[in-house]
Amino acid sequence: MGDFPNALRSAWLPRNPKVRGFLLDITGVLYESGGEGGKVIPGSVEAIQRIRNSGVPVKFLSNETQTSRIGIVKKLRKHGFDLCVDDIITPCPAVVAALNERQLRPYLVVHPDALPEFDEISTNEPNCVVIADAAHHLSYENLNTAFRVLMNSEEKILFTLGKGKFYQEDGELTLDVGPFATGLEYACGVTAEVIGKPSESYFLEGAKRLGMRPEEVVMIGDDIESDVGGAMKLGMTGILVRTGKYRPTNENHQVKPDAVVDNLHAAIDQFLE
Amino acid sequence: MAKKRLCALIDLSGTLHVDDAAIAGAQEALRRLRSKISCVKFVTNTTKESKRLLHSRLTKMGFDIAVDEIYTSLSAARNLLDQRKSNPLLLVDDFAMEEFHGFPTNEEKDTVVVGLAPEKFSYENLNEAFRLVHAGASLIAVHKARYYKRNDGLALGPGPFVAALEYATGSKAYVVGKPEKSFFLSCVEGMGFQPHDCVMIGDDVRDDVLGAQKAGMTGILVKTGKYLPGDETKFEFSPNFVAADFTDAVEMICNDFVSPKA
């Protein structure tokens, strides 16, 4: 299917002769999050350009829920990245589809900037909870309301958009949604349904959007568990970059990436001639 | 007649009183118990009230209790901090802060203590706690209750926030309150009692009774407070004794655990 496999040249190729496309994490791989849109990671704009020029398919598999997809695109374009809304996979549309299908009305613990993604969903008399990285909106009062909705629901259904532990923002580690979802699980005695990385179905959605089988895909991310571990479990090639939330101790983690490289530019360098 | 060498550990809420009302006959039963055995302690998982506040509430209800006889999960946390010479970040209620006077405020924190403090569980404070524990500070939980009852309904307890910090950091919290074995043992520490010299009376089968029994003490479950029919058989092992109320439990102790009805 297509000629682009010929464009792939890498040290990993002998082990992964089928690699045909890329899934890239956004935050911590393309840019470091922080005030005023954050900072571009040097070389990453050029890396995306090289992928585009090579014709190798690429999609962006993100757990970003602090803003809508269009918000992400605007931010990334400002940084000089060439991409559009259709290139980006985020958990919000996936959970909206699940809510529609199961006719659920959520109490939303999400960032106000992400609310447009939920426009079509009714939130009257909620009978489930959707929790996301809502940052300062992960307050006691909001979590307590979520807790009460769950305790008052016949079936306690909790969706968490990703289950990351933390990420880096303005040079500091910051709590992600995972710990708060875990707190609600503990309080109510439920297991959350994860929509986003590292859930299997989310990576499969990424592969589907590339039109490939998991073993044909390279996932590049800065989260050893959520990006690399999740992808490798499905048979994808998992590459860890030393940017974003990366810490040297990650290299002693039980998850052993197929490769650890300095940044996205270095990763692409090894794949594309 | 010489007093029996025995230490009774008595739960407060649900055992001696419910809200601001004493359980019928409990004050008189406590007096009788004091005349028969050598030591009583009052044990509770409070995370909001200092010993002083608890003491004044109980005194108002007519209980004859000394401040020093009260041992709370906050006391246990304070003991542990002193033992370890820790310098803590305290996510505890303002009313409880008086149990934690005397720690340096400007030095680097090496411990995070989580109590029940809804107004302190902000995203900022939890991030500060997370960064400390992630960098190697130890995590102490006053207790790990999932939720508690307040005027407007159920509300999240400290447990979920402890669980959140554990998940984020991969560390395990050291829990100091009931039903931890260490709570019951530290309550009588230095007083010369062995666990088999101690009897625990409470209305919570798991946190009071089975917790104390795991520490080697005798447990008596009272059918007041939060007791629900069937509690006796809900867990993997049962209370040593079940009493109708505190008065009945005192009767059992005074009769060397031979029930007058038997």
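Residues numbered from 1 in each chain as written. Chains lettered and ligands numbered in written order. Predicted model: local features only at pLDDT ≥ 70, side-chain atom pairs only at ≥ 80, totals over all residues. Heavy atoms only, no water.

Examining the pairing of strand 8 (residues 158–161) of chain A
Residue and element names in this part refer to chain A.
- Going residue by residue along strand 8, you find Leu158 and Thr160 tucked away on one face and Phe159 and Leu161 tucked away on the opposite face as well.
- Taken together, the 3 bridges between strand 7 (residues 128–131) and strand 8 define a ladder with parallel strand orientation. Note that in strand 8 the partner of valine 129 across the bridge is leucine 158.
- For the handedness criterion, the β-α-β arrangement of strand 7, helix 4 (residues 140–152) and strand 8 is classed as right-handed.
- Bridge count for strand 8 against strand 11 (residues 193–195) is 3 bridges, and the pairing is parallel. Paired with threonine 160 across the strands is valine 194, a residue of strand 11. (Buried < 20%, exposed > 50% of the residue type's maximum accessible area, 1.4 Å probe, protein only. Helix = DSSP H or I, 4+ residues; strand = E, 2+ residues; numbered from the N terminus. Pairing = 2+ DSSP bridges. Right-handed = clockwise from strand over helix to strand, strands pointing away.)

Considerations on the packing of aromatic side chains
- Overall, the coordinates contain 10 aromatic pairs over all chains when judged by the stated rule.
- Judged by centre distance (5.7 Å) and plane angle (25°), the rings of Tyr140(A) and Phe161(B) are stacked. One end of the pair, Tyr140(A), is in helix 4; the other, Phe161(B), is in helix 5 (residues 158–169), on a second chain. With respect to class, Tyr140(A) is no different from Phe161(B); both count as buried.
- For the pair Phe241(B) and Phe257(B), a centre-to-centre distance of 4.9 Å together with 20° between the ring planes defines the contact as stacked. (Phe/Tyr/Trp six-rings, centres within 6.5 Å; stacked < 30°, edge-to-face > 60°.)

Some details on the domain arrangement of chain A
All names here are of chain A.
- The domain architecture assigned to chain A consists of domain 1 (4–63 + 198–271) and domain 2 (91–195).
- On a C-alpha basis, the centres of domain 1 and domain 2 stand 26 Å from each other.
- Of the roughly 1,100 Å² buried at the junction of domain 1 and domain 2 (both faces included), carbon and sulfur atoms supply 48%.
- Among the residues of domain 1 in contact with domain 2, Ser33, Asn63 and Lys245 are the three that bury the most area, contributing 39% of the side total.
- The salt bridge partner of lysine 165 is glutamate 225, with a shortest N-O separation of 3.4 Å.
- When grouped by side-chain class, the residues that make up the side of domain 1 that touches domain 2 number 2 nonpolar, 7 polar and 4 charged. (Domains from an automatic or database assignment. Buried area = accessible area lost by both parts, 1.4 Å probe. Salt bridge = Lys/Arg side-chain N within 4 Å of Asp/Glu carboxyl O. Nonpolar A, V, L, I, M, F, W, Y, C, P; charged D, E, K, R; others polar.)

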